[in-house]
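Spelled out, the chains give:
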Amino acid sequence: MIENCTTLYPNDIVGRKVSEYSDQHSVPLPEDLVKYHEWVLRSQEHSHFTISLLEARMLSWMARMVNAKRVLEIGTFVGFSVATWANAVGKDGSVTGLEKSPEFAQMARDQLSRFGWNNAEVVTGDALHTLAGLEPPEPYDIIFIDAQKSGYPAYLKIILDRSQPGQANRLLRPGGLIIGDNALRCGLVADESDDNPATKTVPLHTINWDWNNIAFLDEFNKMMHGHPHPVLYERLIKRHQTSSERQQEGQAKGYGRVLEADLARGETRLSALATEAAGEQREDLSPARHRWHAASDIDNPWDGEASTKEQGSELWREFLRERFIRGGDEDFDYAKVDGNEELDVVLRRDEEDRWFDDEEPSWVGDRDAAGETGVQDF
């Protein structure tokens, strides 16, 4: 076996059979979605623009994995993928599709209405303009890019620029997903030589084919790779633990795999918080913070790599101090807590309860005295 080499299937025949098998053994789509897809294949000359039923199932699964309720799609065509998202987020969710072609956009609206997907809307216009002008009341959980490939880097830049911590009308929530369709383009981003049969087939089946689009996809992939946000606790703590230590930690916390997944998602959200603006002055309350800054030029010490278990633990504690003690979480409104007098009452009541819990009970007077009532003096 060659290291780092993945051969999916030996030929197209096997690949098609595997796809059919996967389709048969995946959670089925609603009948209305299947009919919608059949309408696209039957009525549209360029039906290959739309996603497949198998991909629709995969996107639905991804939406459920992150409990998505708000989805933005760039490149809607005639609306089947929007309907897929609308089904995945449920009636209490919402989907916005951006489509440049007025003709395709109107077809999408008509079919979405026909099949009853009332939690979706389609906005007409060049996505480079409509995307920049969006002001969602809440950030999206997923942004799906399936438009002109030359625009992928520009779309991604707008999304990243407009998804900063504390930003009003940010596009993507912390820990949200950005999904780029056709990002590998039949392997052409990795191999444009004659060894790749797609060099001959893809241009023949693509309208207005331009080899420069492969360069744009490559740039998009590099941009995605250049903005990694690994789970912070995993990077600083768990990577230095032995398997037995991780098992003991899980048993001590008393949670199962489902809750652990929820915790991981929470950690992903924390790790996705952007670093402070360059040059911003922050109160330095910890010698450890100064020590780690001295060894690195990065804005936040925990964004660097921890070479030892001890260093990882200290960076993790520093991260918690910054977010929860110094109030450095820019996505949290501390005023709601600091100015809430009801919480002060709760604190006082908790203090009183602890005092009573710690007080040792004693009997009034001599316990053996006649007429003892049993009343205890606290």
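Notes on the structure in this doc start here. Sequence order as written defines residue numbering, which begins from 1 separately in each chain. With pLDDT at 70 or above as the cut-off, local features in this predicted model cover only qualifying residues; side-chain atom pairs require 80 or more to be listed or tallied, and sums for whole chains, interfaces and linings still use all residues. Side-chain metrics in this entry use all non-hydrogen atoms of the structure; hydrogen atoms and water are not considered.

1. What to know about the pattern of salt bridges
Should the charged atoms of two oppositely charged side chains come close, the side chains can pair. The salt bridge definition used is simple: a Lys or Arg side-chain nitrogen within 4 Å of an Asp or Glu carboxyl oxygen. Applying the stated rule across the entire model yields eight salt bridges. One salt bridge connects Arg57 with Asp23, and the closest N-O pair in it is separated by 3.2 Å. Linking Arg57 in helix α3 (residues 53-65) with Asp23 in helix α1 (residues 12-24), this pair joins segments that are 34 residues apart in sequence. For Arg57, a relative accessible area of 15% translates into the label buried. For Asp92, the salt bridge identified is with Lys69, shortest N-O distance 3.1 Å. Highlighted residues: Asp92 in the loop between α4 (80-89) and β2 (94-99) and Lys69 in the loop between α3 and β1 (70-74), separated in sequence by 23 residues. Of the residues examined, Asp92 reaches a relative accessible area of 61% and is grouped as exposed. Labels follow the DSSP assignment, with helices taken as runs of H or I lasting at least four residues and strands as runs of E lasting at least two, numbered in each case from the N terminus. Relative accessibility thresholds used throughout: buried, under 20% of the residue-type maximum; exposed, over 50%; partly exposed, between the two (1.4 Å probe, protein chains only).

2. What to know about the sheet that holds strand β4 (residues 140-145)
Only strands joined by at least two bridges in the DSSP assignment are considered to pair. Strand order in this open sheet of five strands is β3-β2-β1-β4-β5, and the pairing throughout is parallel. On the outer flanks of this sheet lie β3 (120-124) and β5 (172-180), each paired with one strand and no other. Going across the sheet, the axis of each strand differs from the next one's by a mean of 15°, ignoring polarity. Across five bridges, β1 lies against β2 in parallel orientation. Simply put, an axis is a line fit to the C-alpha atoms, just over the touching stretch for a helix, and the angle between two N-to-C directions goes from 0 to 180 degrees.

3. Remarks on the pairing of β5
Sheet topology note: the β4/β5 ladder contains five bridges and is parallel. The residue bridging Ile145 from the neighbouring strand is Gly180, located in β5. Chirality of the crossover, the property in question, places the unit of β4, helix α7 (residues 152-161) and β5 among those that are right-handed. Throughout, right-handed denotes a crossover for which the path from the first strand over the helix to the second runs clockwise when the strands point away from the viewer.

4. Side note on a nonpolar patch on the surface
Patch membership requires over 30% relative accessible area and the absence of a salt bridge. Like charges are linked within 9 Å, and nonpolar side chains (Val, Leu, Ile, Met, Phe, Trp, Tyr) within 5 Å. Accessible surface area values rest on a Shrake-Rupley calculation with a 1.4 Å probe, where residue burial reflects the displayed protein chains alone. Judged by side-chain polarity, Met58, Trp61 and Met65 come together as a nonpolar surface patch covering roughly 320 Å² of accessible area. Secondary-structure assignment places Met58 in helix α3. Residue classification places Met58 among the partly exposed residues on the basis of a relative accessible area of 40%.

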